[in-house]
Amino acid sequence: MIRGRLAPSPTGALHLGNARTFLLAWLSLRAQGGQVVLRIEDLDGPRVKPESVAQLIDDLQWLGLDWDEGPAAKVKVPQLPRLLSKPPTGPRSKPPTQPLTQSPTQSPFQSPIATRPADQLNSQACLGSLVDSGELGELGELGEFGPYVQTRRLAWYQAAWERLAEAGRIYPCRCSRTDIERAASAPHVGDEGPPYPGTCRPERRGAASSLVAAPGPNSAQPGPNSDAQPGPNSDAGLRSGLDAGPGGGPPGGRVSGDLRERPPAWRFRVPGGDAAVVRFRDGFLGEQVGDVAATSGDFVVWKGSGTAAYQLAVVVDDAAMAITEVVRGDDLLSSTPRQLLLYEALGLRPPRFWHVPLVVGPDGRRLAKRHGDTRIRWFRDAGIPPERLVGWLAWQSGLGECGAASRPADLIDRFGWSKVPRERIVCDRDAVCRTLG
């Protein structure tokens, strides 16, 4: 079965760029008779706006994009400032115990958990805790691979983290972004900063005088945290070399701040030499090559705040939900080699990837407020029918005529990747409004 996902992040409202990518992902799946999964990716800490979830779901429905699994009801979000002040509470539950293996019809992480362990949330306001408490309204779910909100899936991430720890593929790191930039000598720095110089790699630290055990499911903190108590997997963690240097930091590197008070992040140990060069075929862009050691170095898979980083979470979720194809913006192309290394390390089968051109403003940068209000909500409030907006998205995607009105369902039979333009779409709100009349 072909399965794909729409994975909005509630850090803001749905805009034209998101909508166009979601439309292409939806059309690709429906044209193949595949299943569409809606997943809310809400791990981005302080940037998450819980009130955006209701709007995201409503905007997708307004556009005519449906899904087979995921949130099944509209969300009502009352009194968010009051709710966000509440620390999450609830019973504890164990992470999945299934082996991390995958078959075409079965998720490798299937272990239904009736209630997510709220103490995994480290008292951070998040959608998962609010959903569990019922305070987001009736957020029902359809599908056997749920939950479909990332902050309710921390047990799955913990299981993957433990697998990586047991294999010696991760290690703790207390370097800040400033530390990394100071250590980097490369003259050009990408959007994500310079490659990690390996300051906290165990082999660079030398002999250790203090050890940080790998926390297990019975730890006080279920995520990799410097304050966690040793759990059942501690010995495996120590054997894997997950030890901190003297005083909790690397003796051979310079790390700012009070090391004993800064919980470590956990980095994936990127292999050396040719093993760091990842080759894959993108369904839209063709053959791709990425040297992870040169572009990012050892990358973070678990944040010091106690939650999984994007690279690990998206790999675990796509594997657990048996996703077979991923359609997303080409701004995430550089993430794919890192994710493929994680798939390999966890023994999972990766999906196929399609990276599509972004919708950008006249300055060539991704859509933002400086380009005018391009939120779907703005066009709705302006009285523009969804068929007109979908028609504009179809025209920009090579699937329709300028000015023609369409519903997503009308575009299924005419969809084909060969029709989608290779260049990025340049627009702003005024230009769209002129086209729509």
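As a reminder, the structure under discussion sits directly above these lines.
Residues numbered from 1 in each chain as written. Predicted model: local features only at pLDDT ≥ 70, side-chain atom pairs only at ≥ 80, totals over all residues. Heavy atoms only, no water.

Trainee: Lay out the overall build of the protein chain with the relevant residues and their values.
Mentor: Along its length, the protein chain carries 15 helices and 13 strands. When the 437 residues of the protein chain are sorted by exposure, 54% land in the buried category. Within the protein chain, contacts between residues separated by at least 24 positions form 76% of all contacts whose residues are at least 6 apart in sequence. Of the roughly 18,700 Å² of accessible surface on the protein chain, a fraction of 48% belongs to carbon and sulfur atoms. (Helix = DSSP H or I, 4+ residues; strand = E, 2+ residues; numbered from the N terminus. Buried < 20%, exposed > 50% of the residue type's maximum accessible area, 1.4 Å probe, protein only. Contact = heavy atoms within 4.5 Å. Areas by Shrake-Rupley, 256 points an atom, 1.4 Å probe, with all protein chains shown as cover.)

Trainee: Now, about the environment of Ile2: what can you tell me, with residues and values included?
Mentor: Looking at the secondary structure, you find Ile2 in the segment before β1 (3-6). Counting along the chain gives 30 residues from Ile2 to Gln32, while the straight-line C-alpha distance between them is 7.5 Å. Beyond its immediate stretch of four places on either side in the chain, Ile2 contacts Leu29, Gln32, Gly34, Gln35, Thr324 and Glu325.

Trainee: I'd like a description of the nonpolar core, backed by residues and values.
Mentor: The biggest cluster of nonpolar side chains holds 45 residues, and the ones touching the most others in it are Leu16, Trp392 and Trp417. If you list the elements that add at least two residues to this core, you get α1 (16-31), β2 (35-38), α2 (51-63), β11 (352-356), α12 (376-381), α13 (386-396) and α15 (429-436). Of all the elements, α1 adds the most residues to this core, at nine residues. If sequence neighbours within four positions are ignored, Leu16 has contacts with Val359, Leu367, Thr374, Ile376, Phe379, Leu389, Trp392, Leu393, Cys427 and Val432. (Core = buried A, V, L, I, M, F, W, Y, C linked by side-chain atoms within 4.5 Å.)

Trainee: Quick rundown of the pattern of salt bridges? Include the residues and the values.
Mentor: Counting across every chain of the model gives 17 salt bridges. Residue Arg153 pairs with Asp317 through a salt bridge whose shortest N-O separation is 2.7 Å. Residue Arg153 is located in the loop between β4 (141-142) and α5 (154-166), and its partner Asp317 is located in helix α10 (residues 310-320); the two are separated by 164 residues in the primary sequence. The exposure class assigned to Arg153 is buried, which follows from its relative accessible area of 0%. A salt bridge links Asp410 to Arg407, with the shortest nitrogen-to-oxygen separation between them at 3.2 Å. Look at the salt bridges and you will find they share partners, linking Arg5, Arg39, Glu41, Arg153, Asp317 and Asp318 into a network. (Salt bridge = Lys/Arg side-chain N within 4 Å of Asp/Glu carboxyl O.)

Trainee: Tell me what's going on with the sheet that holds strand β5 (residues 170-173), and back it up with residues and numbers.
Mentor: Strand pairing in a sheet relies on backbone hydrogen bonds, with the paired strands running either antiparallel or parallel. Taking strand neighbours across the sheet as the criterion, the three strands line up as β5-β6-β9 in an open arrangement whose pairing is antiparallel. The sheet terminates laterally at β5 and β9 (299-302), the two strands that pair on one side only. Here the strands of the sheet are splayed against their neighbours by 45 degrees on average, with no regard to which way each runs. Pairing of β5 with strand β6 (residues 265-268) involves four bridges; the strand directions are antiparallel. Its bridge partner being in β6, Tyr171 is matched across the sheet by Arg267. (Pairing = 2+ DSSP bridges. Axes fitted to C-alpha atoms, helices over the stretch in contact; angles between N-to-C directions.)

Trainee: Outline α13, listing residues and values.
Mentor: Most of α13 is tucked away, with eight of its eleven residues classed as buried. Looking at α13, one finds that the buried residues are Pro386, Leu389, Val390, Gly391, Trp392, Leu393, Ala394 and Gln396. Buried positions along α13 lie against α1, α2, α12, α14 (408-411), β13 (425-426) and α15. Once α13 finishes, Gly398 follows within two positions and takes phi at roughly 75 degrees, a positive value.

Trainee: I'd like to hear about unusual backbone geometry, residue by residue, with values.
Mentor: Note that the residue after Gly146, namely Pro147, is joined by a cis bond; omega there is 0 degrees. You can see Pro147 is positioned in the loop between β4 and α5.

Trainee: Let's hear about the pairing of strand β7 (residues 277-282): which residues, and what values?
Mentor: The two faces of β7 differ: Val278, Phe280 and Asp282 on one face are buried, but Val277, Arg279 and Arg281 on the other face are not. Sheet analysis places β7 next to strand β8 (residues 286-291), joined by six bridges and oriented antiparallel. Opposite Arg281, over in β8, you have Glu287 as the bridge partner. Linking β7 to β8, which pair antiparallel, is a turn of three residues.

Trainee: Give me the packing of α10 against helix α11 (residues 336-346): which residues, what numbers.
Mentor: Between α10 and α11, whose axes approach to 9 Å, the crossing angle comes to 55 degrees. What the angle tells us is that α10 and α11 run oblique. Note on packing geometry: the crossing formed by α10 with α11 is right-handed. Mapping the contact onto sequence places Tyr310, Gln311, Leu312, Val314, Val315, Asp318 and Ala319 in α10 and Arg338, Gln339, Leu342, Tyr343 and Leu346 in α11. Here the contact of α10 with α11 is built from residues that sort into eight nonpolar, two polar and two charged. (Parallel < 35°, antiparallel > 145°, perpendicular 65-115°, else oblique. Left-handed = near helix turned anticlockwise from the far one by under 90°. Nonpolar A, V, L, I, M, F, W, Y, C, P; charged D, E, K, R; others polar.)

Trainee: How would you explain the packing of aromatic side chains if you had to name every residue and give the values?
Mentor: Tallied over the full model, the rule gives seven aromatic pairs. Pairing Trp161 with Trp302 gives two aromatic rings, centres 6.5 Å apart and planes at 65 degrees, and the pair type is edge-to-face. One end of the pair, Trp161, is in helix α5; the other, Trp302, is in strand β9, with 141 residues separating them in the sequence. Across the pair, Trp302 and Trp161 agree in class, each one buried. With 5.2 Å between their ring centres and 85 degrees between their planes, Trp378 and Phe379 make a pair best called edge-to-face. Relative accessible area serves as the criterion here: at 0%, Phe379 is assigned to the buried category. By way of ring pairs, the aromatic residues Phe284, Trp354, Phe415 and Trp417 are connected into one cluster. Directly above the ring of Trp378 sits Arg429, whose terminal nitrogen or CZ lies 4.1 Å from the centroid. (Phe/Tyr/Trp six-rings, centres within 6.5 Å; stacked < 30°, edge-to-face > 60°. Lys NZ or Arg CZ within 6 Å of the ring centre and 35° of its normal.)

Trainee: Can you break down α2 residue by residue, with the values?
Mentor: Given 3.6 residues per turn, any residue in an α-helix points the same way as the ones three and four places further on. Taking 1.5 Å of rise per residue, the 13 residues of α2 would be expected to cover 18 Å, and the 19 Å separating its terminal C-alpha atoms lies within 8% of that figure. Within α2, the full set of buried residues consists of Ser52, Val53, Ala54, Leu56, Ile57, Asp58, Asp59, Leu60 and Leu63. Immediately beyond the C-terminal end of α2, within one or two residues, lies Gly64, with a positive phi of roughly 100 degrees. (Expected span 1.5 Å × (residues − 1).)

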